[in-house]
Amino acid sequence: MTTDAGAPWLVAGLGNPGPEYASNRHNVGFMVADLLAERIGARFKRHGKAQAQVVEGRIGPPGPAGRRVILAKPMSFMNVSGGPVTALRDFYKVPVGNIVAVHDELDIDYGVLRLKLGGGDNGHNGLKSITKSLGPDYHRVRFGIGRPPGRMPVADFVLRDFSSAERKELDYFVDRAADAVEALVIEGLERAQSTYNS
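Rules of the game
Residues numbered from 1 in each chain as written. Predicted model: local features only at pLDDT ≥ 70, side-chain atom pairs only at ≥ 80, totals over all residues. Heavy atoms only, no water. Core = buried A, V, L, I, M, F, W, Y, C linked by side-chain atoms within 4.5 Å. Buried < 20%, exposed > 50% of the residue type's maximum accessible area, 1.4 Å probe, protein only. Helix = DSSP H or I, 4+ residues; strand = E, 2+ residues; numbered from the N terminus. Contact = heavy atoms within 4.5 Å. UniProt positions renumbered as here; feature names shortened; annotations may be inferred. Phe/Tyr/Trp six-rings, centres within 6.5 Å; stacked < 30°, edge-to-face > 60°. Lys NZ or Arg CZ within 6 Å of the ring centre and 35° of its normal.

## Considering the nonpolar core
- V11, V32, L71, L115, F143 and V174 are the most contacted members of the largest nonpolar core, which totals 39 residues.
- If you tally residues by element for this core, the top one is helix α5 (residues 164-187), at 10 residues.
- Not counting chain neighbours up to four residues away, the residues in contact with L71 comprise V11, A33, L36, A37, I40, F44, Q53, V54 and V55.
- One finds M78, V85, L88 and I130 within the second-largest nonpolar core, a separate group that totals 20 residues.

In structure tokens:
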């Protein structure tokens, strides 16, 4: 799967809309998207054709080396993220190989990143929905949140805010995840993996 150098990139931060979810572990994709938008110097606006908020801009060096990017936050709730992502892909004519989903990942320790292309959904309902719509051949930036403690159900764990201990490092980890997205788009998957798949 090669990426199309001339085509735009679509970076979808996954989460749930609404202030009650804003600080949940499940919303770390939104947090990364918000930081990327801040770096571009633009604000999210509701998209007319998709149930999503978007920012259009460029990342990387100015001029032709910079990449055109659409940042998106699906406003459909996590488990039906595929609809908005597919609508944005169609609207902006983004090849699947230029799509990046940024999401929380239970099977990775807190704050650890893993970048990959394709693969399964690992029980993540947002990925499941996107894969059902697009197939599996899109990029993922997986942000580790660790496993729930004791016998806490997974659904309760992901829909809780980060703990006070986790919040001390959260800004740093979100910043690093935003760096990883930029590296993936500008330098390609292998170089980004060598830097960020710690």
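## Let's talk about the UniProt feature "active site" (unreviewed entry) in the protein
- The sites that UniProt annotates as "active site" (unreviewed entry) are H26.
- With residues near it in sequence (within four places) discarded, H26 still touches L14, G15, N16, M78, D104, H124, V158 and L159.

## Thoughts on the packing of aromatic side chains
- Inspection of the entire model under this criterion finds 6 aromatic pairs.
- When the ring of Y21 is compared with that of F77, the centres are 5.9 Å apart and the planes differ by 85°; the resulting orientation is edge-to-face. A residue pair is termed long-range when its members are at least 10 positions apart, and Y21 in the loop between β1 (9-13) and α1 (28-40) and F77 in the loop between β4 (67-74) and α2 (82-92) qualify at 56 residues.
- For Y21, a relative accessible area of 22% corresponds to the partly exposed category.
- The interplanar angle of 80° and the centroid separation of 4.9 Å between the aromatic rings of F91 and Y92 together place this pair among those described as edge-to-face.
- Judged by its relative accessible area of 42%, F91 is partly exposed.
- Ring pairing ties together the aromatic residues Y110, F143, F162, Y172 and F173, which thus form one cluster.
- For the cation-ring pair, K73 lies above F30, with the distance from its terminal atom to the ring centre recorded as 5.4 Å.
- Seen from the ring of Y138, R140 lies directly overhead, with NZ or CZ sitting 4.1 Å from the centre.

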